[in-house]
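Letter by letter, the chains look like this.
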Amino acid sequence: MDAKARNCLLQHREALEKDIKTTYIMDYMISDGFLTISEEEKVKNEPTQQQRAAMLIKMILKKHNDSYISFYNALLHEGYKDLAALLHDGIPVVSSSSGKDSVSGITSYVRTVLCEGGVPQRPVVFVTRKKLVNAIQQKLSKLKGEPGWVTIHGMAGCGKSVLAAEAVRDHSLLEDCFPGGVHWVSVGKQDKSGLLMKLQNLCTRLDQDESLSQRLPLNIEEAKDRLRILMLRKHPRSLLILDDVWDSWVLKAFDNQCQILLTTRDKSVTDSVMGPKYVVPVESSLGKEKGLEILSLFVNMKKADLPEQAHSIIKECKGSPLVVSLIGALLRDFPNRWEYYLKQLQNKQFKRIRKSSSYDYEALDEAMSISVEMLREDIKYYYTDLSILQKDVKVPTKVLCILWDMETEEVEDILQEFVNKSLLFCDRNGKSFRYYLHDLQVDFLTEKNCSQLQDLHKKIITQFQRYHQLHTLSPDQEDCMYWYNFLAYHMASAKMHKELCALMFSLDWIKAKTELVGPAHLIHEFVEYRHILDEKDCAVSENFQEFLSLNGHLLGRQPFPNIVQLGLCEPETSEVYQQAKLQAKQEVDNGMLYLEWINKKNITNLSRLVVRPHTDAVYHACFSEDGQRIASCGADKTLQVFKAETGEKLLEIKAHEDEVLCCAFSTDDRFIATCSVDKKVKIWNSVTGELVHTYDEHSEQVNCCHFTNSSHHLLLATGSSDCFLKLWDLNQKECRNTMFGHTNSVNHCRFSPDDKLLASCSADGTLKLWDVTSANERKSFNVKQFFLNSEDPQEDMEVIVKCCSWFADGARIMVAAKNKIFLWNIDSCSKVADCRGHLSWVHGVKFSPDGSSFLTSSDDQTIRLWETKKVCKNSAIMLKQEVDVVFQENEVMVLAVDHIRRLQLINGKTGQIDYLTEAQVSCCCLSPHLQYIAFGDENGTIEILELVNNRIFQSRIRHKKTVWHIQFTADEKTLISSSDDSAIQVWNWQLEEYVFLQAHQETVKDFRLLKNSRLLSWSFDGTVKVWNIITGKIEKDFVCHQGTVLSCDISHDATKFSSTSADKTAKIWNVSNGELLHLCAPLSEEGAATHGGWVTDLCFSPDGKMLISAGGYIKWWNVVTGESSQTFYTNGTNLKKIHVSPDFKTYVTVDNLGILYILQTLE
């Protein structure tokens, strides 16, 4: 240190030791790199304030010149201006050519210029914002030595002052643009006397030798003139920095041909001054990474080691630089208070988050309150109205026009005032303006106006009701989406419980909202406001929530289903059903078609929630340990996380480069593991979605992953198509153990509840148990035997167990094969229960932590949540899809085969079942007068059973292959059958006479009897033929499709016939000339069938005006226009046949889940 500087410090040592408080002085010297943390601790260990000051000065005396300058600057910044003045004469002389300091990267020239100009030091913890700093420097360069204004504009606490100081901390900028120096003035909110004092102090600083005048200016005008002369004569080409300017009249005092950089919350303050103007807007958020960096520097930790609360704090304050810095400074002193300060933020306790010495306001709420107080009185109360806005919501201008009953232009003018003063933000998207508040502003307003909130919410509801009726809301209206999303929120907040119940229990509202935004948000509202809705009627609330939960996969699809028809499928006691029935009856009078499912009371719904988060097959879904979240993954390469109760999406991550096959939550819910066809295993932060680890030691696709159940020593198991299982420790970069033993792909793995065993399922047909500690095989089971009691033929069992899940007691395990789920007792190897519900392969099963429910995920793109008790109690009889139906007056009689091979006769109206006999049948039929039943089998045999005396008649001539369809003629004397052998047999079983119809080249798919001894048949060969069954000759032959013809029918007037095909289309033809009249089920633009799959059956109405078709679901078509009249969605899919009554009012089918549907048109 220079002798002059050293002597000056020693001379004034006593005064310094007596007055200074070392804490914040040391903060600035540490941030500047001239004091170490260990030196700070040494000072803090001194018992008294005076001794701490003495120790600090002793240390400075041992350092170099820059330490003296740093100490001087710290005194200035912390308000010790008198003490700084004592040291001013001792400031060491440094040349502008000095090199950069090794710590801060700032030259001594810059340090001296800024120190003399009173520019604040960098904060103790500083994170650069290069993009903004560069923008400010570019604007300053544009002044080019000429008078002008550069405005840094942003909301309270966004870091404007720090950015202004950082922008001038640049050697070349100062030397080239502002060689006369930089002069910092902290303006703040001032009256005229306060402004005069600021001007007097500035003039004194600029005229230290008093060569211009020996007395202070007496008024603002004189001060303005003095400042102009000083800047012109003594400090030409210098920069004046005005920090925290509130009023435009203040700027007029500095409008004297100077170069000025100013910070403000109100960008309109420069409207009153002349000269070039440039604006640099400062966003209110640092961004997540920068925010975490600041916190890590304050608490001296690596970013990766910060607790979960750090992420929550950044999220809660939206990365506000002020809040992050305030909390960081507090945490430095109280490192165990992460949870405490997070709660203060969440509970809006801003007064608990108090000042650091460098900020002008005592607490965060004061910083925001001062901005509101500066508003004009005539618009201040409009800002209060914004207290009802929610976080992260951009509100269209139209909503506020309705709230304030004003024209758009008037509202925009008021809102622009708020925007100018950084009290509101505007998103200009094309022509429309959308306005939003920062989260901290929302918290501040709700806290400040808490006593008025109910009335404010009531006001917006009242105004909405004046302007809108619910049925008049149209998607093309600017404010439509806002009302659909937040009308219920405003009603609940206004305590308008009656109105809220009327809204939420309205099928019209449900329809309108789900069509626009899907069902998840509505389910969330039923959960959120359950305490209010249950006051009205607990059962009704449950009715609507269950309706949405179980139909969510349909309500999120396009085209949007008819919600009234869906409502008619609800139980008759449900409020949803009753509203749907009322609406349906009104619409039926206007020609609309609706169906009643008359036997639905016999069906038990085992699912609790059905969602469709993915755009392709779902391969896996799992609960978080607390049961609040569900993670899922699939063929669309994404990882999805959503709420378990409502299905609301929380995260969507593009997780891998190929299909994601499995996902798993860690026991502490901090991580989610994913594995993929791309051979990689990845670990993600479950809250933020950040990638934590990537492992790539498997040589083939990785099929499964699972964490241990204890977080004490967290391990991850993975299984791959390379036949190996691997164990991973998240603290290590490489695999801990590899398990050998399977001879084919490992499909699935699960740790036992005590983590001692690992179960694995493989395509080699075994379930193996491994010792986790030693990685040795403990036990091996042949799983295939568990499925041999199933109704499926043994040859269909090639794909064995896809997945397994342990019950909490470790004694039971759940496994999935095809579209079925089985629950097994491990010790006894006995089946406890089974269930179906998915439309395709089940890829994943997982119990909830308490075992009360379990998840299944499937190729059908759905995830189902099941109730374990219901599944274990369920003993429903499942029908095979080969059924026949006879309609007699008001009776509907159904002949069917169930899953345990019993032939049963069901009365469709009463539900009464008569069990007839056990038989191995491939098809069956009833005679028209219910005297006989007939059935065929896989060997080609056909038998007839006389119901009165149980006599059996058997055909002498068998088909060569499986019999697929049989039907009696109206007189019951003849039985017609078709088979895989491409022949149709006409058997007069009473006379033992046979006629064979042979012309098809491939399997005859089906046939239909027509009038006058005619028969319509269709085949895999793509042709449709009309036969005379007496002569056995072909009368007409049509080539309708390139692929298999699945079904045909001819209109009653014989002018039109329809055909369906494996190409997923239904066509209507002119019988006389073979012309194609309509294509009823074309592919959509995306290539997906609009009928949900193959169209497998169809039938004309007696008048020929309507056509019904079956496939993925049932559709009714207008034959004249070719448009769909109605759609009925079955629980399952792949409907094989639809049986239609002669009056075209009753319809019977069975889906692939074995559920029987007897539908009747509503009249």
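Model, not experiment: these values are computed from the prediction.

Here we take up the overall build of the chain. For the chain, the count of helices and strands is 32 helices and 60 strands. Scored against the burial criterion, the 1163 residues of the chain give a buried share of 57%. Long-range pairs, those at least 24 residues apart, make up 52% of the contacts in the chain with a sequence separation of at least 6. Accessible area of the chain: about 50,100 Å², with a carbon and sulfur share of 47%.

Turning our attention to unusual backbone geometry. The backbone of Cys 723 shows a phi angle near 80°, a positive value even though the residue is not glycine. On the accessibility criterion, Cys 723 (18% relative accessible area) is buried. Even without being glycine, Glu 972 reaches a positive phi, approximately 65°.

This chain's UniProt record puts "repeat: WD" (unreviewed entry) on residues 611-652, 653-694, 695-738, 739-780, 835-867, 956-988, 997-1037 and 1038-1079. Strand forms 55% of residues 956-988 and helix 0%; the C-alpha atoms that close the span are 11 Å apart.

The subject of this paragraph is the environment of His 153. When you line up the elements, His 153 lands in strand 1 (residues 148-153). You can call His 153 buried: its relative accessible area is 10%. A sequence separation of 91 residues divides His 153 from Asp 244, and the C-alpha atoms of the two residues are 9.6 Å apart. Among residues more than four places away in sequence, those in contact with His 153 are Lys 160, Thr 264, Arg 265, Asp 266, Lys 267, Val 279, Val 280, Pro 281, Val 282, Val 419, Asn 420 and Ser 422.

Further remarks concern the pairing of strand 54 (residues 1097-1100). Each regular strand displays side chains that alternate between the two surfaces of the sheet. Taking every second residue as pointing to the same face, both faces of strand 54 are buried, with Asp 1097 and Cys 1099 on one and Leu 1098 and Phe 1100 on the other. The pairing of strand 54 with strand 55 (residues 1106-1110) spans four bridges and is antiparallel. The partner of Cys 1099 across the bridge, within strand 55, is Ile 1108. Where strand 54 folds back onto strand 55 in an antiparallel hairpin, the turn is made up of five residues, including Gly 1104, whose phi is positive at roughly 75°.

Let us now look at the sheet that holds strand 25 (residues 766-771). Pairing is antiparallel across the open sheet formed by four strands, whose spatial order is 23-24-25-26. The open sheet terminates on both sides in strands that have one partner only, identified here as strand 23 (746-751) and strand 26 (777-782). On average, adjacent strands in this sheet sit at an angle of 20° to one another, irrespective of strand direction. In the sheet, strand 24 (residues 757-762) pairs with strand 25 via five bridges, with the strands oriented antiparallel. Within the sheet, the bridge partner assigned to Leu 758 lies in strand 25 and is Trp 770.

Nonpolar side chains tend to gather and get buried jointly when the protein is soluble and globular. One finds Leu 386, Trp 404 and Phe 418 to be the most contacted residues of the largest nonpolar core, which totals 83 residues. Filtering out sequence-adjacent residues up to four positions away, Phe 418 remains in contact with Leu 375, Ile 379, Tyr 382, Tyr 383, Leu 386, Leu 423 and Leu 424. Of all hydrophobic cores here, the second largest spans 33 residues; its members include Leu 56, Tyr 72, Ala 74 and Leu 75.

Let us now look at the side chain of Thr 384. As for its placement among the helices and strands, Thr 384 is situated in helix 20 (residues 377-385). Contacts of Thr 384, omitting those with residues within four sequence positions, involve Asn 449, Gln 452 and Leu 456.

Pairing is possible between side chains that carry opposite charge, provided their charged atoms lie close to one another. In total, this model carries 32 salt bridges according to the counting rule given. Salt-bridge contacts for Glu 289 lead to Lys 303; the nearest nitrogen and oxygen are separated by 2.7 Å. Residue Glu 289 is found in helix 15 (residues 288-299), and its partner Lys 303 is found in the loop between helix 15 and helix 16 (308-316); the two are separated by 14 residues along the sequence. Residue Glu 289 is classed as partly exposed on the basis of its relative accessible area, which comes to 36%. One continuous salt-bridge network, built from bridges that share partners, spans Asp 1006, Arg 1008, Asp 1049, Asp 1097 and Lys 1137.

Another point: the packing of helix 4 (residues 37-44) against helix 5 (residues 49-61). The contact between helix 4 and helix 5 brings their axes to 8 Å, and the two run at 145°. Seen from helix 4, the contacting residues are Glu 39, Lys 42, Val 43 and Lys 44; seen from helix 5, they are Arg 52, Met 55, Leu 56 and Met 59.

The next point concerns a negative patch on the surface. On the surface, a cluster of negative charge is made up of Glu 407, Glu 409, Glu 410 and Asp 413. In this fold, Asp 413 is placed in helix 22 (residues 408-420).

Let's shift gears to the packing of aromatic side chains. Applying the stated criterion across every chain yields a total of 27 aromatic pairs. Consider the rings of Phe 724 and Phe 740, whose centres lie 4.9 Å apart with planes at 70°: the pair is edge-to-face. You can see Phe 724 sitting in the loop between strand 20 (715-720) and strand 21 (725-729) and its partner Phe 740 sitting in the loop between strand 22 (735-739) and strand 23, a full 16 residues away along the chain. Look at Phe 724 and you get partly exposed, because its relative accessible area is 29%. Classification of Phe 740 as exposed rests on a relative accessible area of 54%. An aromatic cluster is defined as three or more aromatic residues linked by ring pairs; in this entry it consists of Phe 464, Tyr 482, Trp 483 and Phe 486. In this arrangement the basic side chain of Arg 337 is found over the ring face of Tyr 340, its NZ or CZ atom lying 5.7 Å from the centre. Here the basic side chain of Lys 1115 rests over the ring of Trp 1117, its NZ or CZ set 5.6 Å away from the ring centre.

The rules behind the values
- Residues numbered from 1 in each chain as written.
- Predicted model: local features only at pLDDT ≥ 70, side-chain atom pairs only at ≥ 80, totals over all residues.
- Heavy atoms only, no water.
- Helix = DSSP H or I, 4+ residues; strand = E, 2+ residues; numbered from the N terminus.
- Buried < 20%, exposed > 50% of the residue type's maximum accessible area, 1.4 Å probe, protein only.
- Contact = heavy atoms within 4.5 Å.
- Areas by Shrake-Rupley, 256 points an atom, 1.4 Å probe, with all protein chains shown as cover.
- UniProt positions renumbered as here; feature names shortened; annotations may be inferred.
- Pairing = 2+ DSSP bridges.
- Axes fitted to C-alpha atoms, helices over the stretch in contact; angles between N-to-C directions.
- Core = buried A, V, L, I, M, F, W, Y, C linked by side-chain atoms within 4.5 Å.
- Salt bridge = Lys/Arg side-chain N within 4 Å of Asp/Glu carboxyl O.
- Patch = residues over 30% accessible without salt bridge, like charges linked within 9 Å, V, L, I, M, F, W, Y side chains within 5 Å.
- Lys, Arg positive; Asp, Glu negative; His and termini not counted.
- Charge placed at Lys NZ, Arg CZ, Asp CG, Glu CD.
- Phe/Tyr/Trp six-rings, centres within 6.5 Å; stacked < 30°, edge-to-face > 60°.
- Lys NZ or Arg CZ within 6 Å of the ring centre and 35° of its normal.

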